[in-house]
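Coordinate analysis (summary)
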Number of protein chains: 2
Amino acid sequence: MSDRLYQPSDPAAAFQPHDHRHCSSAALDAAEARLARQGARLTPVRRRTLEILLESHRAMGAYEVLDRLAAEGFGRQPPVAYRALEFLVSHGLAHRLQRLNAFAACLNPGHDHNPAFLICRSCDRVAEAEAAPVRAVLSDVAAAAGFRVERATIEALGLCASCAAEGAA
Amino acid sequence: MSDRLYQPSDPAAAFQPHDHRHCSSAALDAAEARLARQGARLTPVRRRTLEILLESHRAMGAYEVLDRLAAEGFGRQPPVAYRALEFLVSHGLAHRLQRLNAFAACLNPGHDHNPAFLICRSCDRVAEAEAAPVRAVLSDVAAAAGFRVERATIEALGLCASCAAEGAA
DNA sequence: AGCTGAACGTAATGCTATAACAAATCCTTG
DNA sequence: CAAGGATTTGTTATAGCATTACGTTCAGCT
Ligand SMILES: [Zn+2]
Ligand SMILES: [Zn+2]
Ligand SMILES: [Zn+2]
Ligand SMILES: [Zn+2]
């Protein structure tokens, strides 16, 4: 197992112009590789759901995904979307954003992680940031109160560099 | 204005046996004082809503609060609860927990703050922890990606000291 | 008393999520 | 290949969370 130090391709990429075709196909490839290792199946609905999430760096609501799936011939009932999304999340291929009640594709699915999320309030794009140092401090603060942290939600709302440069308030 | 350094009474109190009567009446007093300063009105529905939240250290869903209010002669439609809760939150007397879609009374309403929340998965109690150091690290991590954090949600799920001592898994 | 804006109440609706069950599909194993 | 079991997909129905719209009441002021 060569699980080397986590090296995100570029946490800020989501906010900058980039070769998104490459960006998303790399994520899809990594996802397939990961599922192969896990012995889980990337069925058509699941694959399509992941592709839909990967089209943008935004988070999408389950019903938004569902509309897309239904339009493409898949089932049109909520569980169709929720099941696919739940599968992706539980296999580390997507993340759920609590603040938004929405889902975003994971851009580093090869690595097991619970990132901190950076959500731009102007362009709605979402990026993943290294959460380890944040979690460490949080665990310390909690430990001072005798509390043992098992999972933590860390989601930041603010302004990305591109939007700030464009003079968004 | 003697807004001295923030000195939480005891962040872990929520998880420990304590004089809750004093605990909640102090919070209510502080809330009244704060609203007086702000020139906002603590009407009967609002006051009762705060009292209901203060009865326990758990977070309550809006409909749970609404049931209580309705049973006591207030309106029985969702906006009644949502408006009161929204008022409390926006005036710093209660917090909203994103993970739980629920609300909890603030225990230090005298001080303007966005705490980190510690949510015990065993007893469901919620405590507020000092978030400043956590936010500082988060801001740094975000800044490295060119992102400016404006607001952050920090919610930890885990096990409180009391539950851990009782041998909860 | 009369005006005005805040607060309250209700009806209606929309959005998010899950439970329960039936049909189809995959996968193993004899 | 056939039989059987587990997984996946689909549907119906329902639960849970939240807001819009609109009319009425009430505190505070002139
Ligand atoms: Zn991209
Ligand atoms: Zn942006
Ligand atoms: Zn207490
Ligand atoms: Zn506990």
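The rules we used
Residues numbered from 1 in each chain as written. Chains lettered and ligands numbered in written order. Predicted model: local features only at pLDDT ≥ 70, side-chain atom pairs only at ≥ 80, totals over all residues. Heavy atoms only, no water. Contact = heavy atoms within 4.5 Å. Salt bridge = Lys/Arg side-chain N within 4 Å of Asp/Glu carboxyl O. Helix = DSSP H or I, 4+ residues; strand = E, 2+ residues; numbered from the N terminus. Phe/Tyr/Trp six-rings, centres within 6.5 Å; stacked < 30°, edge-to-face > 60°. Buried < 20%, exposed > 50% of the residue type's maximum accessible area, 1.4 Å probe, protein only. Core = buried A, V, L, I, M, F, W, Y, C linked by side-chain atoms within 4.5 Å. Donors = N, O, S within 2.8 Å, 3.2 Å for Na, K, Ca; no water. Tetrahedral: all angles 85-135°; square planar, octahedral: opposite > 155°, others 65-115°. Near = heavy atom within 4 Å. Polar contact = N/O pair within 3.5 Å; in protein donor to acceptor, adjacent residues only side chain to side chain. Nonpolar A, V, L, I, M, F, W, Y, C, P; charged D, E, K, R; others polar.

1. Topic: the interface of chain A and chain B
Frequently, the measure chosen for interface size is the accessible area that the parts lose on association. Each partner contributes residues to the interface: chain A has 34 residues there, and chain B has 34 residues. A salt bridge links glutamate 150 of chain B to arginine 121 of chain A, with the nearest nitrogen and oxygen atoms 2.6 Å apart. If you list the elements that add at least two residues to the side of chain A that touches chain B, you get strand S3 (116–120), helix H5 (132–143) and strand S5 (148–159) of chain A. Examining the composition of the side of chain A that touches chain B, we find that 12 residues originate from one element, S5 of chain A, more than from any other.

2. Thoughts on the packing of aromatic side chains
Here the structure, examined in full by the defined rule, presents four aromatic pairs over all chains. Look at phenylalanine 15 of chain A and phenylalanine 147 of chain B: their rings are 5.6 Å apart centre to centre, the planes differ by 25°, and that puts the pair in the stacked class. Residue phenylalanine 15 of chain A is located in the segment before helix H1 (20–38), and its partner phenylalanine 147 of chain B is located in the loop between helix H5 (132–143) and strand S5 (148–159); the two belong to separate chains. Looking at phenylalanine 15 of chain A, the relative accessible area reads 2%, which means it is buried. When its relative accessible area of 3% is taken as the criterion, phenylalanine 147 of chain B is described as buried. Ring geometry for tyrosine 63 of chain B against tyrosine 82 of chain B: centres 6.3 Å apart, planes inclined by 75°, an arrangement best described as edge-to-face.

3. Quick notes on the nonpolar core
In this structure, Leu118 and Phe147 of chain A together with Phe15, Leu118, Cys120 and Phe147 of chain B are the most contacted members of the largest nonpolar core, which totals 43 residues. With near-sequence residues (within four places) excluded, phenylalanine 15 of chain B lies in contact with Phe147 of chain A together with Leu118, Cys120, Cys123, Arg125, Val126, Ala127, Cys160 and Ser162 of chain B. Formed by 23 residues, the second largest nonpolar core is a distinct cluster that contains Ala27, Leu35, Ala94 and Ala105 of chain B.

4. Description of the coordination of the zinc ion (ligand 3)
All names here are of chain B. Those donors, His18 (NE2), His20 (ND1), Cys23 (SG) and His57 (NE2), are the protein atoms that reach the zinc ion (ligand 3), and they lie 1.9 to 2.3 Å from it. Considering all four donor atoms around the zinc ion (ligand 3), the spread of angles at the metal, 103 to 115°, places the coordination shape in the tetrahedral class. Counting along the primary sequence, the residues that act as donors to the zinc ion (ligand 3) give the motif H-x1-H-x2-C-x33-H. In this pair, histidine 20 and cysteine 23 both sit in helix H1 (residues 20–38), three residues apart, roughly one turn of the helix. Residue histidine 20 is classed as partly exposed on the basis of its relative accessible area of 21%.

5. Examining the coordination of the zinc ion (ligand 4)
Residue and element names in this part refer to chain B. Here the zinc ion (ligand 4) is held by Cys120 (SG), Cys123 (SG), Cys160 (SG) and Cys163 (SG), and the distances to it run 2.2 to 2.4 Å. Each of the four donor atoms bound to the zinc ion (ligand 4) contributes to angles spanning 102 to 119°, and the resulting shape is tetrahedral. When the donor residues of the zinc ion (ligand 4) are listed from N- to C-terminus, their spacing reads C-x2-C-x36-C-x2-C. Here the residue cysteine 120 occupies a position in strand S3 (residues 116–120), and cysteine 160 occupies one in the loop between S5 and helix H6 (161–165), the gap between them amounting to 40 residues. Note on cysteine 120: relative accessible area 0%, which makes it buried.

6. Observations regarding the protein's contact with DNA strand D
Taken together, the neighbourhood of DNA strand D is formed by 18 residues, with Thr43, Gln77 and Arg83 of chain A together with Tyr63 and Arg96 of chain B sitting nearest. Backbone atoms, meaning sugar and phosphate, form 50% of the atoms of DNA strand D found within 4 Å of the protein. A distance of 3.4 Å separates a sugar or linking oxygen of DNA strand D from a polar side-chain atom of arginine 46 of chain A. In the model, a base nitrogen of DNA strand D is placed 2.8 Å from a nitrogen or oxygen of the tyrosine 63 of chain B side chain. Secondary-structure elements contributing two or more residues to the surface near DNA strand D are helix H2 (44–54) and helix H4 (78–90) of chain A together with helix H4 (78–90) of chain B.

7. Regarding the protein's contact with DNA strand C
Inspection of the region around DNA strand C gives 17 residues, with Tyr63, Tyr82 and Arg96 of chain A together with Thr43 and Arg83 of chain B positioned closest. Taking all atoms of DNA strand C within 4 Å of the protein, the share assigned to sugar and phosphate is 51%. The side chain of tyrosine 63 of chain A places a nitrogen or oxygen atom 2.7 Å from a base nitrogen of DNA strand C. Between DNA strand C and the protein, one listed contact pairs a phosphate oxygen with a side-chain N or O atom of arginine 96 of chain A at 2.4 Å. For the surface near DNA strand C, the elements supplying multiple residues, two or more each, are H4 of chain A together with helix H2 (44–54) and H4 of chain B. Its residues placed into classes, the surface near DNA strand C shows seven nonpolar, four polar and six charged.

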